[in-house]
Amino acid sequence: MRIGIVILPDQRWAESQRRWRQVDEWGFDHAWTYDHLGWRDLVDGPWFDSMTTLTAAATVTSRIRLGTLVASPNFRHPAAFARQITTVDDVSDGRLLLGLGAGGIGFDSAVLGGETLPPRQRVDRFAEFTELLDLILREDGTTWRGDWFTAVDARNNPGCVQQPRVPFVVAANGPRSMRLVARFGQGWVTTGTGDDNDLASWWDSVSTLSARMDRTLDEAGRDPATLDRYLSLDAAPVFSLSSAQFFADQVARAADLGFTDVVTHWPRASSWYAGDEAVLVDVATRLLPELRG
């Protein structure tokens, strides 16, 4: 089992860089940040850009993989985004993981003044976004005219350090998005569904989604062993770092369902992912080697 952690981009770099250095030294396998222009009730506080943060993180770490959880077409165009991706992959010497999702409603979908799309149209846009981004990152000189995006001779030189491109970790719960995972993803990430207040219901939903992903891969004729499976533990109604034992139990449950990777969050003082940093330290220094093994 590989263990990852999200560091929200809500701290100035003078504070945040300590966290990125620390998770690298502790031995976490991957570290992520959110790709939003503002997020939920934290939109009124400090908030920083994801790709710039990952570039900075790449300069203060040496081995940990770095990623977006997740980037979406809410405010990104594949041609411009491909240049940022190529840059971060270069600065990190091939350590970038690109988490991609359809994008939800909220600040990101409203701040640019566009209409809020219904779910079907968001998935339509996401499918085109993913296909075009894949094409630009693999081939130089892409011209595209679609329903959602246009590109004229979009360049990718010198290309990604990771060939043929950076790995896509595609967020998906529904059938159409799961087919995108099967087609384009090197990884799949899910947040589960279910009752917001019922941990058992959430785990039931994760099991159901895992079985659905199995069927999708089978229908696509793809070997399940070629897909890494990421579970965002803190989409559950109980924070995964409530205690070291609870975290270990959640990791074990994810492993039993066939997940190769889990992701937790750096505890915050209040609001989202509120918790005690001492639990994170305990997990990282005492349990992490065992859990990864």
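Residues numbered from 1 in each chain as written. Predicted model: local features only at pLDDT ≥ 70, side-chain atom pairs only at ≥ 80, totals over all residues. Heavy atoms only, no water.

Caption draft 1: Representation of the overall build of the protein. In terms of helices and strands, the protein carries nine helices and 10 strands. Summarising its shape, the C-alpha atoms of the protein cover approximately 55 × 45 × 35 Å along the three principal directions. Counting every position in the protein, which comprises 293 residues, the buried fraction comes to 52%. Contacts in the protein between residues far apart in sequence, at least 24 positions, make up 72% of those at least 6 positions apart. Carbon and sulfur atoms make up 48% of the accessible area of the protein, which amounts to about 12,700 Å² in all. (Helix = DSSP H or I, 4+ residues; strand = E, 2+ residues; numbered from the N terminus. Buried < 20%, exposed > 50% of the residue type's maximum accessible area, 1.4 Å probe, protein only. Contact = heavy atoms within 4.5 Å. Areas by Shrake-Rupley, 256 points an atom, 1.4 Å probe, with all protein chains shown as cover.)

Caption draft 2: Representation of the sheet that holds strand E8 (residues 187–190). An order of E1-E2-E3-E4-E7-E8-E9-E10 is seen for the eight strands of this closed barrel, with the pairing classed as parallel. For this sheet the average axis-to-axis angle between neighbouring strands, irrespective of direction, equals 25 degrees. Relative to strand E2 (residues 30–33), strand E1 (residues 2–6) runs parallel, the two being bridged by three bridges. Paired with Gly 4 across the bridge in E2 is His 30. Helix H5 (residues 119–138) rests against strand E4 (96–100) and strand E7 (168–171) of the sheet, and its axis sits at about 180 degrees to E7. (Pairing = 2+ DSSP bridges. Axes fitted to C-alpha atoms, helices over the stretch in contact; angles between N-to-C directions.)

Caption draft 3: Quick look at the nonpolar core. Within the largest apolar cluster, 87 residues are counted, with the highest numbers of intra-cluster contacts made by Phe 28 and Leu 133. In terms of residues, this core owes the most to one element, helix H9 (residues 277–292), which gives seven residues. Residue contacts for Phe 28: discarding those within four places in its chain leaves Ile 3, Gly 4, Ile 5, Val 23, Arg 63, Ile 64, Leu 280, Ala 284 and Leu 288. (Core = buried A, V, L, I, M, F, W, Y, C linked by side-chain atoms within 4.5 Å.)

Caption draft 4: Expanded view of the packing of aromatic side chains. In the structure shown here, the tally under the stated rule is 11 aromatic pairs. Aromatic pair Trp 32 and Tyr 230: ring centres 5.8 Å apart, planes at 85 degrees, arrangement edge-to-face. Taken as a pair, Trp 32 in strand E2 and Tyr 230 in strand E9 (residues 228–232) lie far apart in primary sequence, 198 residues in all. The exposure class of Trp 32 is buried, given its relative accessible area of 0%. Judged by its relative accessible area of 5%, Tyr 230 is buried. Here the aromatic residues Tyr 34, Trp 39, Phe 239, Trp 272 and Tyr 273 are joined through ring pairs into a cluster of three or more. (Phe/Tyr/Trp six-rings, centres within 6.5 Å; stacked < 30°, edge-to-face > 60°.)

Caption draft 5: A look at helix H3 (residues 78–91). With 14 residues, H3 extends 20 Å from end C-alpha to end C-alpha; this agrees with the ideal 20 Å at 1.5 Å per step. Looking only at H3, the buried set comprises Pro 78, Phe 81, Ala 82, Ile 85, Thr 86, Val 88 and Asp 89. The buried residues of H3 occupy an angular sector of 165 degrees when the element is viewed end-on, so they sit on one face. Each element contacted by the buried residues of H3 is listed here: helix H2 (50–60), strand E3 (65–71), E4 and H5. Positive backbone phi, approximately 55 degrees, marks Asp 93, located one or two places after H3. (Expected span 1.5 Å × (residues − 1). Arc of directions from axis to C-beta.)

Caption draft 6: Structural detail: the packing of H5 against helix H6 (residues 175–184). Interhelical geometry of H5 versus H6 gives an angle of 10 degrees and a closest axis separation of 10 Å. Looking at the two axes, H5 sits roughly parallel to H6. In this structure, H5 contributes Arg 120, Val 123, Asp 124, Phe 126, Ala 127, Thr 130, Glu 131 and Asp 134 to the contact, and H6 contributes Arg 176, Ser 177, Leu 180, Arg 183 and Phe 184. Split into classes, the residues belonging to the contact of H5 with H6 amount to five nonpolar, two polar and six charged. (Parallel < 35°, antiparallel > 145°, perpendicular 65-115°, else oblique. Nonpolar A, V, L, I, M, F, W, Y, C, P; charged D, E, K, R; others polar.)

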